[in-house]
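Breakdown of the fold
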Amino acid sequence: MRGGPAEPGAAGLRAVLGNAAALLGAYALPRACTLASIVVAARVLGAAEFGAYGTAAAYAVILSIAATLGMMPLLVRDIARAPERAGELLAAAHRVKAVASAAMLAALVLLAAGPLGYPPEVVRAAALLGIGYAVGAFAETLGAYFQAVERMQVWMQANLAYGVVAGGAGAALVAATR
């Protein structure tokens, strides 16, 4: 029927495709910015220094797990079940993540400088990256709130902005500090 109402499935399909495109953008663009910052690091630093940077980055990623504690899915669930407790739950998560992030950063520096025997520039780079991951742990907690209260558009926009800023800042820091 020409000009008539859309088929019942068409509106749902458009909504799902629109959501899929938004989610892809919220995930793909930040990763593309991260990739671009890695390419900049590789070109600016050269092979030897990029190897040291790669070591620091891998090491910081491994230890960053301690900053997030994997609590996002549970926090989303708890806030979705009891939105009136969101403030209390977010405050508690921030307190726990503050302690976990401090412990992660201390372990990161102490292990890298001590038993692992990394050179000072690798320890400094890992510490700087670790600080970034600690900040990300707090951002993740706020992301859990927006996901739980079904304000996905806000979360996607924030995720996109975070990725662009983090990728750009990462490239700028590498270029500035070598």
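The structure this text deals with has already been given above.
Residues numbered from 1 in each chain as written. Predicted model: local features only at pLDDT ≥ 70, side-chain atom pairs only at ≥ 80, totals over all residues. Heavy atoms only, no water.

**So, the overall build of the protein**
Counting its regular elements, the protein contains five helices and zero strands. Listed N to C, the secondary structure of the protein is α-α-α-α-α in terms of helices and strands. Considered along the principal axes of its C-alpha atoms, the protein spans approximately 70 × 40 × 20 Å. Taking contacts inside the protein between residues at least 6 apart in sequence as the whole, the part at least 24 apart equals 79%. Carbon and sulfur atoms make up 70% of the accessible area of the protein, which totals about 10600 Å². Averaging the coordinates of the 12 positive side-chain charges in the protein and doing the same for the 8 negative ones gives two points 5 Å apart. (Helix = DSSP H or I, 4+ residues; strand = E, 2+ residues; numbered from the N terminus. Contact = heavy atoms within 4.5 Å. Areas by Shrake-Rupley, 256 points an atom, 1.4 Å probe, with all protein chains shown as cover. Lys, Arg positive; Asp, Glu negative; His and termini not counted. Charge placed at Lys NZ, Arg CZ, Asp CG, Glu CD.)

**Some words on unusual backbone geometry**
The backbone of Leu 69 sits at a positive phi, close to 60°, despite the residue not being glycine. By relative accessible area, which is 45% here, Leu 69 ends up partly exposed. (Buried < 20%, exposed > 50% of the residue type's maximum accessible area, 1.4 Å probe, protein only.)

**A few points about the packing of helix α2 (residues 72-81) against helix α4 (residues 120-148)**
Between α2 and α4, whose axes approach to 8 Å, the crossing angle comes to 40°. Our classification of the angle between α2 and α4 gives oblique. Helix-helix and strand crossings are classified by hand; for α2 and α4 the assignment is right-handed. Contact residues: α2 offers Met 72, Leu 75, Val 76, Ile 79 and Ala 80, while α4 offers Glu 140, Thr 141, Gly 143, Ala 144, Tyr 145, Gln 147 and Ala 148. For the contact of α2 with α4, the per-class residue count stands at eight nonpolar, three polar and one charged. (Axes fitted to C-alpha atoms, helices over the stretch in contact; angles between N-to-C directions. Parallel < 35°, antiparallel > 145°, perpendicular 65-115°, else oblique. Left-handed = near helix turned anticlockwise from the far one by under 90°. Nonpolar A, V, L, I, M, F, W, Y, C, P; charged D, E, K, R; others polar.)

**Focus: helix α3 (residues 86-113)**
End to end, α3 covers 40 Å across 28 residues, agreeing with the expected 40 Å (1.5 Å per residue, within 8%). Among all positions in α3, only Ala 86, Leu 89, Leu 90, Ala 93, Lys 97, Ala 100, Ser 101, Met 104, Leu 108 and Ala 112 are buried. (Expected span 1.5 Å × (residues − 1).)

**Re the side chain of Ser 37**
Note that Ser 37 resides in helix α1 (residues 8-68). A residue is classified by how much of its surface remains accessible, and Ser 37, at 10% relative accessible area, is buried. In terms of polar contacts, Ser 37 uses its side chain to reach the backbone carbonyl oxygen of Thr 34, at 2.8 Å. Not counting residues within four places of it along the chain, the set of residues in contact with Ser 37 comprises Gly 167, Gly 170 and Ala 171. (Polar contact = N/O pair within 3.5 Å; in protein donor to acceptor, adjacent residues only side chain to side chain.)

**Examining the environment of Arg 81**
Looking at where Arg 81 falls in the secondary structure, it is placed in helix α2. In this structure the C-alpha to C-alpha distance between Arg 81 and Leu 128, which are 47 residues apart in sequence, comes to 37 Å.

**Looking at the packing of aromatic side chains**
Overall, the coordinates contain three aromatic pairs when judged by the stated rule. For the ring pair Tyr 59 and Tyr 118, a centre distance of 5.4 Å and an interplane angle of 80° mean the geometry is edge-to-face. One end of the pair, Tyr 59, is in helix α1; the other, Tyr 118, is in the loop between α3 and α4, and 59 residues separate them in sequence. Their ring planes at 75° and their centres at 5.1 Å tell us that Tyr 145 and Phe 146 sit as a pair that is edge-to-face. Note on Tyr 145: relative accessible area 27%, which makes it partly exposed. (Phe/Tyr/Trp six-rings, centres within 6.5 Å; stacked < 30°, edge-to-face > 60°.)

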